[in-house]
Amino acid sequence: MAKEYNFREIEKKWHRLWTERQTYKVIEDENRKKFYVLNMFPYPSGAGLHVGHPLGYIASDIYARYKRLQGFNVLNPMGYDAYGLPAEQYAIKTGQHPEKTTFANIDRYREQLDKIGFSFDWDREVRTCTPDYYHWTQWAFQKMFNSYFDEELQKAQPIEKLIEKFKAEGTWPSDEKAQSDLLMQYRLAFLGETMVNWCPQLGTVLANDEVVNGVSERGGYPVEQKKMRQWCLRVSAYSQRLLDGLDTIDWSESIKETQRNWIGRSEGAEIEIPYILPSSLGEGAGEGASFTIFTTRADTMFGVTFFVLAPESELVDKVTTPEQRTAVDEYIKYVKSRTERERMIDHTVTGVFSGAYGINPITGDKCPIYIAEYVLAGYGTGAIMAVPAHDSRDYAFAKHFNLPIIPLVEGADISTESYDAKEGIVMNSPISEDKSVKYDGESLCLNGLTIKEAIAETKRFVKAHNLGRVKVNYRLRDAIFSRQRYWGEPFPVYYKNGIPTMIPEECLPLKLPQVDKFLPTETGEPPLGNAQIWAWDEKTNSVVDCSAIDNKTVFPIELYTMPGFAGSSAYYLRYMDPHNDRALVSDKAASYWQNVDLYVGGSEHATGHLIYSRFWNKFLFDLGVSKKDEPFQKLINQGMIQGWSSFVYRLRNTNKFVSFDLLEEQYDDAKKKNFYYYQGTEADPVYADISMVSGNVLNVEKIREWTAEFRDAEFILNANGQYIVNQAIEKMSKSKYNVVNPDDICENYGADTLRLYEMFLGPIEQSKPWDVAGIDGCFRFLKKFWSLFWDKDGNLTADDSEATADNMKSLHKLIKKVSSDIEEFSYNTSISAFMVAVSELASQKCCSRQVLAQLPVLIAPFAPHIAEELWEALGNKGSVCDAQWPQYEEKYLVETSVKLGVQFNGKVRFAMDFPANATPDQMVQMATSAPEAQKHLEGMQIVKTIAIPGRIVNIVVKPQA
RNA sequence: GCCCAGAUGGUGGAAUUGGUAGACACGAGGGACUUAAAAUCCCUUGACCAUAGCGGUCGUACGGGUUCGAGUCCCGUUCCGGGCACCA
């Protein structure tokens, strides 16, 4: 009997042995080079692990195992991003403590992960929601609170240095409240009164990256703008460093570009605009007052015909004249009534004249100041100069309000639209000599210059005559760092007479208190307002009952909690030294592991986690805690594995479901969506769990049992008596009922097949729908691989016979291909190479130990279980993980002859063998004298020959004259 | 609107970076073994023409170009995906 590939037994055995032998335990070892591989840790959702999760884990596990075989000391940890909204919402619904459900989910994740055979060192597991972990999240927050960003040094400094500076300048106030307020403007973690994205349904604020198209990323609820006092992180201070750092790291160009867009650096100028309020106070009133505008097109100063302020700008009140007051107030009211979403979609021109005029310092012209929502308060200075000829928004505004338009670029046609391009020759700047104001005897003239030259010249002029300054603006906003939720890190802050005060560092962690309700309080306080024991006693340095608050030594503790990205921003540092209770990470561990060499995760975190993490790390680098300015040296973005969602269609206001093929389709232009009708009634899609569907046919009996919704429903079937569902490829998610978990595959094919198949599916970076159709191919391959080692009686085939040249060639070709493929993360092609090599060796009937002994090592990164089993069967001790990755030798790959295509006029006509060392002349000689060549040469004369040894022979011919 | 990435058989995807397009796998068709099924093995499989056999033409979204030679480089067009978006 041939020996069967019993994957169930093999995998069970090795899971046991790996645990017993602590095969994957990693310790710092100064004698070995380190390599740090990291996956974005998962949020343990109630749906469990689905087939998309392991994609990145397998990819990085392969790399980690490969690096280990190459002799590196590899850190490959795993943990859980355990704070989050779903657990809290589940808690609100069921009353179960989020910790309980989170830990239960973690156990399930762990069980599923263990089945797949990862080389994680589980002794280093972290969970962001445990006090020993969030201790250091709170600690970092306190450090940020006690730091400011020194613009000159471009790094964080202790706040004490700033206090010293103020004292030296004599600007340090004596009042404690004033001191606090002053420092708040500098601290890297600060309380700010800012416009926030408020989501009423979720009852919390959201960060910019958590809002997509004006609705919340989670749940899709409307988001409105609201002014609130919030904790913020001064991420914007690091804008330039975050931008510069991108050039030093090995990330995909598209994700770097996304971050560059998000940071949004633009170079321009700030220019002071004096203004007057003539109508109410007489000509010349308000003399001396001015506001500042920001522009990247300083060259267009001569084309300014009006100014615009953002409706939220503090200047609005100052420039509004009594005559215009009613109109302005009405306009502001209108703007406030519009949601963020409406403003984003609807770009109708709106605005109102303020009554005031701004003086263009270059031309001396008096231009009206408008208030309009197309100018954003949050960017630049919230005020702009409008140049309708060369800005499409200003153009639309000018046309609407009938304002003059002055063209400034030669040949630009501005009769129907503005000319926004930064190319061309400047004219009308100035229109006539008296239209350019003289400063110290100098007046600006840009006529004849290119736009780029004109920008530079204007900047110089403005700077030289103190009309403004050159300024770089960033779109990157400070991150709002507080959430009105329960299930997050509590802030280690209490309010001493209204002044935020840090709990002493040695008292950390400040543990999340128990509450009996996870909802906001009746008075609208965040959920932590429900906590009874949530006051800080300065005398005992401990948390005490709220009733003890006396505002002398006992004070209220902050009720906000930190957002999801707090715990995920520095977790890679914690893995280096996860059990340290005196520091986030010891200097020794940080110095050894440095930063992450390979980071694997989804590109959807480009403007969230991957920015926050870089910011957080740069801050810790300034502190000397992190040893590298950038946390993640190389980044691979694994694609999403999508699921096939199935929809059934319910006729509106009925309990009837209609087979999809009976529906009529219509396109709704207004909603940009397809709608379906059945006999005039609109049908609404409802998700059906994919387990109820085979192919595109619904199992009606099964769905009746699924939920009450379907139990008594009527199903209208098609002519074949079937109910057809509509299918769509979507992100795998519990709420879409399209989740496929890896457990069944492990059960039916084994983890090695799953690992191989997920990699064989295509390039890692590509998103693709999950489809099990091809899995048999990988399973067959493993069986063939296995049977290479066993004869029909179940004995090892490996013997001491010498390997043939063919054997060695097959082997070394494989080593070469697999080594380079792993380096390039091209795992699908290396699996193909394995398939080829195995069928070659099988047909060669190779049984040389010399060759066979290498194969388990080569396959170990991909299929570790089968590799271990064969490695052991071949008589080796220990684990294949400690073997050495084989080196290929060119001498086995050298070809004595090479088969090449022979081309005539660039078209391949036949193939023939050439000696590998043939010279070009010899190759041409051989090709032209070959019998197959004769018919192509007949009646032809050779014009030219091209031969490249090892590559190609091309003979250019033309008919004989 | 701006920026980035892409388009290759029925399907997933290869192609030494300018040198025999379609590796490998799935699916499909045919065959062997078997009472049968499963498993396994062998053959065919881009399209069209030809076919006893040899062979030929076209073909990498579309239209041009550079080159002895283009899936690969350049210009233009279309389509799909991603990011930013009233950012001055």
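See above for the structure.
Nothing here was measured: the structure is a model prediction, and the numbers come from that model. (Residues numbered from 1 in each chain as written. Chains lettered and ligands numbered in written order. Predicted model: local features only at pLDDT ≥ 70, side-chain atom pairs only at ≥ 80, totals over all residues. Heavy atoms only, no water.)

(A) Fine view of the sheet that holds strand 2 (residues 73-75). One open sheet holds the four strands; their spatial order is 2-1-23-24, and the pairing between them is parallel. Sheet topology places strand 2 and strand 24 (632-637) at the edges, where each strand pairs with a single neighbour. Taking each pair of neighbouring strands and ignoring which way they run, the sheet shows an average axis angle of 20 degrees. In terms of strand pairing, strand 1 (residues 34-39) meets strand 23 (residues 596-601) through three bridges, oriented parallel. Within the sheet, the bridge partner assigned to asparagine 39 lies in strand 23 and is valine 600. (Pairing = 2+ DSSP bridges. Helix = DSSP H or I, 4+ residues; strand = E, 2+ residues; numbered from the N terminus. Axes fitted to C-alpha atoms, helices over the stretch in contact; angles between N-to-C directions.)

(B) Focus on the protein's contact with RNA strand B. Contacts to RNA strand B come from 48 residues, most closely from Thr296, Arg393, Leu761, Arg780 and Asn954. By atom count, sugar and phosphate contribute 61% of the portion of RNA strand B lying within 4 Å of the protein. At 2.9 Å from a sugar or linking oxygen of RNA strand B is found a side-chain nitrogen or oxygen belonging to arginine 475. Within the contact set of RNA strand B, a sugar or linking oxygen lies 3.4 Å away from a side-chain nitrogen or oxygen of asparagine 828. Of all the elements in the fold, those that place two or more residues in the surface near RNA strand B are helix 9 (253-263), strand 11 (290-295), helix 24 (775-787), helix 26 (827-843), strand 35 (897-904), strand 36 (907-915), strand 37 (940-948) and strand 38 (952-959). (Near = heavy atom within 4 Å. Polar contact = N/O pair within 3.5 Å; in protein donor to acceptor, adjacent residues only side chain to side chain.)

(C) Molecular detail of the environment of glycine 117. Relative to the assigned elements, glycine 117 resides in the loop between helix 4 (98-116) and helix 5 (131-145). Between the alpha carbons of glycine 117 and glutamate 11 there is a distance of 8.1 Å; along the sequence they are 106 residues apart. The residues touching glycine 117, leaving out its near neighbours within four places in the chain, are His15, Trp18, Asp61, Arg65, Arg755, Pro864 and His865. (Contact = heavy atoms within 4.5 Å.)

(D) Examining the packing of aromatic side chains more closely. Counting across every chain of the model gives 72 aromatic pairs. Among the aromatic residues, ring-to-ring pairing joins Phe35, Tyr63, Tyr66, Phe72, Phe781, Phe785, Phe789, Phe825, Tyr827, Phe834, Phe862 and Trp885 into one connected group. When the ring centre of tryptophan 18 is taken as reference, the NZ or CZ atom of arginine 65 above it lies at 5.4 Å. (Phe/Tyr/Trp six-rings, centres within 6.5 Å; stacked < 30°, edge-to-face > 60°. Lys NZ or Arg CZ within 6 Å of the ring centre and 35° of its normal.)

(E) Here's a closer look at the sheet that holds strand 38. Strand order in this open sheet of four strands is 36-35-38-37, and the pairing throughout is mixed. The open sheet has two edge strands, strand 36 and strand 37, and neither has a second partner. Sheet twist, expressed as the mean angle between neighbouring strand axes with direction ignored, is 20 degrees. Across eight bridges, the pairing between strand 35 and strand 36 is antiparallel. Within strand 36, the position partnered with valine 898 by the bridge is phenylalanine 914. Its contacts with the sheet place helix 31 (residues 920-929) against strand 35, strand 36, strand 37 and strand 38, and it is angled at close to 120 degrees to strand 36.

(F) Local environment of the pattern of salt bridges. In this structure the tally under the stated criterion is 47 salt bridges. Glutamate 869 is paired through a salt bridge with lysine 13; the nearest N and O atoms lie 3.1 Å apart. With glutamate 869 in helix 29 (residues 864-873) and lysine 13 in helix 1 (residues 7-21), the pair connects residues that are 856 residues apart, well separated along the chain. Judged by its relative accessible area of 15%, glutamate 869 falls in the buried class. (Salt bridge = Lys/Arg side-chain N within 4 Å of Asp/Glu carboxyl O. Buried < 20%, exposed > 50% of the residue type's maximum accessible area, 1.4 Å probe, protein only.)

(G) Focus on the environment of valine 26. The topology assignment puts valine 26 in the loop between helix 1 and strand 1. Residue classification places valine 26 among the buried positions, given a relative accessible area of 7%. When the C-alpha positions of valine 26 and tryptophan 770 are compared, they lie 34 Å apart, and in sequence the two are 744 residues distant.

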